[in-house]
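Listed here are the chains, written in short residue letters.
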Amino acid sequence: MLAGSATVFFAYIGFDSVASTAEEVKHPQRDLPLGIGAALSICCTLYMLVSIVIVGLVPYYAMDPDTPISSAFASHGMQWAAYIITTGATTALCSTLMGSMLPQPRILMAMARDGLLPSFFSDVNKHTQVPVKSTILTGIVAAILAFFMDVEQLAGMVSVGTLLAFTMVAISVLILRYVPPDEVPLPSSLQESIDTVSLRYNSGSSHEIEEETPKDHIGSSKESIQLLLGKADKPIAHPLIPKQAAWILNKNRRKIAGWTIMFTCVGVLLLTSSASSVGLPSFFRFIVCGLGGVLLLSGFVVLTCIDQDDARHSFGHTGGFICPFIPLLPITCILINVYLLINLGASTWIRVSIWLSIGVLVYAFYGRTHSSLRDAVYVPSAHVEEIYRSSENSLP
């Protein structure tokens, strides 16, 4: 049952594709979470209702694996319903193909903008405002894979990719809440806005200087970054012991949170692996399972007791949807996803490993040397939103 659940997890891939259309939404911070939540609720309800009806008509072990729904109605003398279901399935297949083709070209476009892929993928048609070249290439590759692979193999690969993506998102939520990065890379094209914000924090006559902002004069763009980062040399006339103590406590808290998140993930891996490995000796299996459970519960307790990082409110653009029930919801998500991943077959993991190896080679020989981060300017995350606002105001 769990292996089947992991295989059909590709049915939920359409919901995360909504997030890839953020650039085409007027109010993405509000509308995207509502759209994903509403679509997920409706589809889950329909999935469960259809499953209840089919299992009520035919036992699960007697279903036709190729046409379970239509054959279930046909076995009870409702042949007319089988024709309707077949027609609806064919129509839905077309919409599913188009929906599956929607996110990938936009993901490739975003990667090409970051320099991880050739600029060919980031070309947008002037009339349709759609990445036509990426869409055509994605369709060709998808058609080739569908021609040489059967449905079970494709379903396994897609499910692995979806589960891995969801697991990384859950881990990222924990990292952003407890140990968000102090510095954020910005493109060098925003250098003027960065200098403006640095000058604003340096002008003590008309603006109140923040507590950790140095008071040196800006002589170059490098010095302006040092001002924002608080790394410029300055004499300290009145050292504040409580402030230094708070900084030390915050540094220790971040270190504890980082190690706790890592040990929690290790505990999840040990627990799920031992629970799924029925061939192992019982004694060894119980020991590993208990160790994983202790790490998992300890990590959950520690993350619940310690405070979340204050910088989470200023990381990136504020506002919009915020993940609730931290750390319970991300840890539960990681546990379920990893358990489903382990229950997928070895052949699926071999195919996915080959696919991932191709991606690693592309990054090693192209993306690493063409990445936009090579020329990026790192600024404190607390000033990112202000820099973007300054950049928008400076536009004609």
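Everything below is about the structure printed above this text.
Predicted, not measured: the structure shown is a model, and the values here were computed from it.

Draft legend 1. The arrangement of the overall build of the protein in detail. Counting its secondary structure elements, the protein contains 15 helices and two strands. Here the protein, with 396 residues, has 26% of them falling under the buried criterion. Sequence separation of at least 24 residues holds for 72% of the intrachain contacts in the protein that already meet a minimum separation of 6. Here the protein has roughly 25,000 Å² of accessible surface; of this, 68% comes from carbon and sulfur atoms.

Draft legend 2. Local environment of the packing of helix α8 (residues 151-178) against helix α13 (residues 328-342). Contact pair α8 / α13: the axes reach a minimum separation of 9 Å and the direction vectors enclose 155°. Our classification of the angle between α8 and α13 gives roughly antiparallel. For the pair α8 and α13, the crossing hand works out as left-handed. For the pair formed by α8 and α13, the contact residues are Val160, Leu163, Leu164, Phe166, Thr167, Ala170, Ile171, Val173 and Leu174 on the first element and Pro330, Ile331, Cys333, Ile334, Asn337, Val338, Leu340 and Leu341 on the second. Tallied by class, residues from the contact of α8 with α13 come to 15 nonpolar, two polar and no charged.

Draft legend 3. Fine view of the packing of aromatic side chains. In total, this model carries three aromatic pairs according to the counting rule given. Where Phe147 meets Phe148, the ring centres are 5.0 Å apart and the plane angle is 85°; that geometry is what we call edge-to-face. By the burial criterion, Phe147 is exposed, and Phe148 matches it.

Draft legend 4. Local environment of the pattern of salt bridges. Tallied over the entire structure, the rule returns two salt bridges. With a shortest N-O distance of 2.7 Å, Arg30 and Asp31 are connected by a salt bridge. Here Lys133 makes a salt bridge to Asp123, at a shortest N to O gap of 3.1 Å. Highlighted residues: Lys133 in helix α7 (residues 132-148) and Asp123 in the loop between α6 (103-113) and α7, separated in sequence by 10 residues.

Cut-offs used in this document
Residues numbered from 1 in each chain as written. Predicted model: local features only at pLDDT ≥ 70, side-chain atom pairs only at ≥ 80, totals over all residues. Heavy atoms only, no water. Helix = DSSP H or I, 4+ residues; strand = E, 2+ residues; numbered from the N terminus. Buried < 20%, exposed > 50% of the residue type's maximum accessible area, 1.4 Å probe, protein only. Contact = heavy atoms within 4.5 Å. Areas by Shrake-Rupley, 256 points an atom, 1.4 Å probe, with all protein chains shown as cover. Axes fitted to C-alpha atoms, helices over the stretch in contact; angles between N-to-C directions. Parallel < 35°, antiparallel > 145°, perpendicular 65-115°, else oblique. Left-handed = near helix turned anticlockwise from the far one by under 90°. Nonpolar A, V, L, I, M, F, W, Y, C, P; charged D, E, K, R; others polar. Phe/Tyr/Trp six-rings, centres within 6.5 Å; stacked < 30°, edge-to-face > 60°. Salt bridge = Lys/Arg side-chain N within 4 Å of Asp/Glu carboxyl O.

By themselves, these are just geometric observations and shouldn't be taken as functional.
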